[in-house]
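# Inside the fold
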Amino acid sequence: MSSKTRPRVVLVGVMGSGKTTVARLLAAQWGTGARDTDEDVEAAEGRSISDIFVDDGEQHFRSLERTAVIDALRSHDGVLSLGGGAVLDPVVREELREHRVVFLSVGLSDAVKRVGLSSARPLLLGNVRSQIRALLEQRLPVYEQVASTTVVTDGKEADVVAREVREVIQSAESAHRAVAQPENRT
Ligand code: S3P
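Thresholds applied
Residues numbered from 1 in each chain as written. Predicted model: local features only at pLDDT ≥ 70, side-chain atom pairs only at ≥ 80, totals over all residues. Heavy atoms only, no water. Buried < 20%, exposed > 50% of the residue type's maximum accessible area, 1.4 Å probe, protein only. Helix = DSSP H or I, 4+ residues; strand = E, 2+ residues; numbered from the N terminus. Contact = heavy atoms within 4.5 Å. Near = heavy atom within 4 Å. Polar contact = N/O pair within 3.5 Å; in protein donor to acceptor, adjacent residues only side chain to side chain. Areas by Shrake-Rupley, 256 points an atom, 1.4 Å probe, with all protein chains shown as cover. 1 Å grid on protein atoms, 1.4 Å probe; cavity = no way out; pocket = protein on both sides within 12 Å on 5 of 7 lines; lining within 4 Å. Sits in = over half its atoms within 2 Å of the grid points. Nonpolar A, V, L, I, M, F, W, Y, C, P; charged D, E, K, R; others polar. Core = buried A, V, L, I, M, F, W, Y, C linked by side-chain atoms within 4.5 Å. Expected span 1.5 Å × (residues − 1). Axes fitted to C-alpha atoms, helices over the stretch in contact; angles between N-to-C directions. Parallel < 35°, antiparallel > 145°, perpendicular 65-115°, else oblique. Left-handed = near helix turned anticlockwise from the far one by under 90°.

## Overview of helix H5 (residues 108–115)
Every buried residue of H5 is listed here: Leu-108, Asp-110, Ala-111, Val-112 and Val-115. On its buried side, H5 packs onto helix H6 (128–146). Downstream of H5 by one or two residues, Gly-116 has phi in the positive range, about 65 degrees.

Spelled out as structure tokens, the structure:
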């Protein structure tokens with residue numbers, strides 16, 4: 001892994017997996033920044049994701065999202081969380097090959113509890129439970145493909161998940177340092 005600017009970790013997972021909350025907790029613990037591609041898209045467009053879906057459709061949102069992800073992967077050095085569907089884009093998947101990606105997995109029941117009946121997520125309009133079930137079925141293999149590690153979040157508070165992600169990443173960083181500088185090994 002080269003030393004150019006890159007996120008310390010990239011979090012992926014379906015809506016309700018806790019990516020944004022965990023990213024903030026982890027970033028605070030590391031004293032670094034947390035960035036979220038949904039927020040980047042909204043800031044760049046000056047409108048909400050729901051409005052983008054309604055006005056211009058999902059495909060347009062996906063292209064804005066791809067640009068936001070690539071930009072963040074190249075310019076952010078803290079914790080990065082991706083919108084749940086970003087990994088559907090093959091260009092994004094290819095870019096992620098160069099990064100430490102953690103998949104926050106969540107089962108249907110916890111995901112539904114965490115998302116609640118929020119209408120801020122355009123893909124969940126209608127029956128939240130069946131929409132999330134379909135997304136989980138469709139995307140699970142993709143999350144597993146892009147991630148180097150999976151952290152199971154079911155039944156856990158966000159701070160516990162953040163600690164698990166921190167441990168995984170810190171041990172990967174130590175292993176990487178040991179390989180890069182074998183003379184410093186203790
Ligand atoms: C989406 C997830 C959302 C947001 C958009 C589409 C998806 O992000 O990008 O509503 O396709 O799963 P979160 O996963 O952060 O809620």
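## With respect to the site of the ligand
The environment of the ligand is formed by 14 residues, the closest being Lys-19, Asp-38, Arg-62, Arg-121 and Arg-139. A distance of 2.9 Å is found between an oxygen atom of the ligand and a backbone nitrogen or oxygen belonging to Gly-84. A distance of 2.6 Å separates an oxygen atom of the ligand from a polar side-chain atom of Arg-139. Protein contacts shield 96% of the accessible area of the ligand, which totals 390 Å² for the unbound molecule. In this structure, the ligand is accommodated by the largest pocket. Looking at side-chain class alone, the shell around the ligand contains 5 nonpolar, 3 polar and 6 charged residues.

## Some details on the nonpolar core
Val-10, Val-12, Leu-82, Leu-96 and Ile-132 are the most contacted members of the largest nonpolar core, which has 29 residues in total. Of all the secondary-structure elements, those providing two or more residues to this core are strand S1 (9–12), helix H3 (49–75), helix H4 (90–96), strand S4 (101–105), H5 and H6. For this core, the element with the most residues is H6, which contributes 7 residues. Residues within four places of Leu-82 in sequence aside, it is in contact with Val-10, Leu-11, Val-12, Lys-19, Thr-37, Val-69 and Leu-96. Formed by 15 residues, the second largest nonpolar core is a distinct cluster that contains Leu-11, Val-22, Ala-27 and Leu-104.

## A closer look at helix H7 (residues 158–180)
In a regular helix each residue adds 1.5 Å, so 23 residues correspond to 33 Å; H7 covers 33 Å between its end C-alpha atoms and thus fits that length. Buried within H7 are the following residues: Val-161, Ala-162, Val-165, Ile-169, Glu-173 and Ala-178. Buried residues along H7 sit against S1, helix H1 (19–30), S4 and strand S5 (149–152).

## Re the packing of helix H2 (residues 37–45) against H3
Axis angle and axis distance: for two packed helices, these are the angle between their axes and the distance between the axes, and together they describe the pair. Two elements in contact, H2 and H3, have axes whose closest approach is 9 Å; the angle formed by their N-to-C orientations is 115 degrees. Considering the angle they form, H2 stands roughly perpendicular to H3. As H2 runs across H3, the sense of the crossing is right-handed. Between H2, through Thr-37, Asp-38, Asp-40, Val-41, Glu-42 and Glu-45, and H3, the contact on the second element is made entirely by Ile-49, Ile-52, Phe-61, Leu-64, Glu-65, Ala-68, Val-69 and Ala-72. Per-class residue counts for the contact of H2 with H3 are 8 nonpolar, 1 polar and 5 charged.

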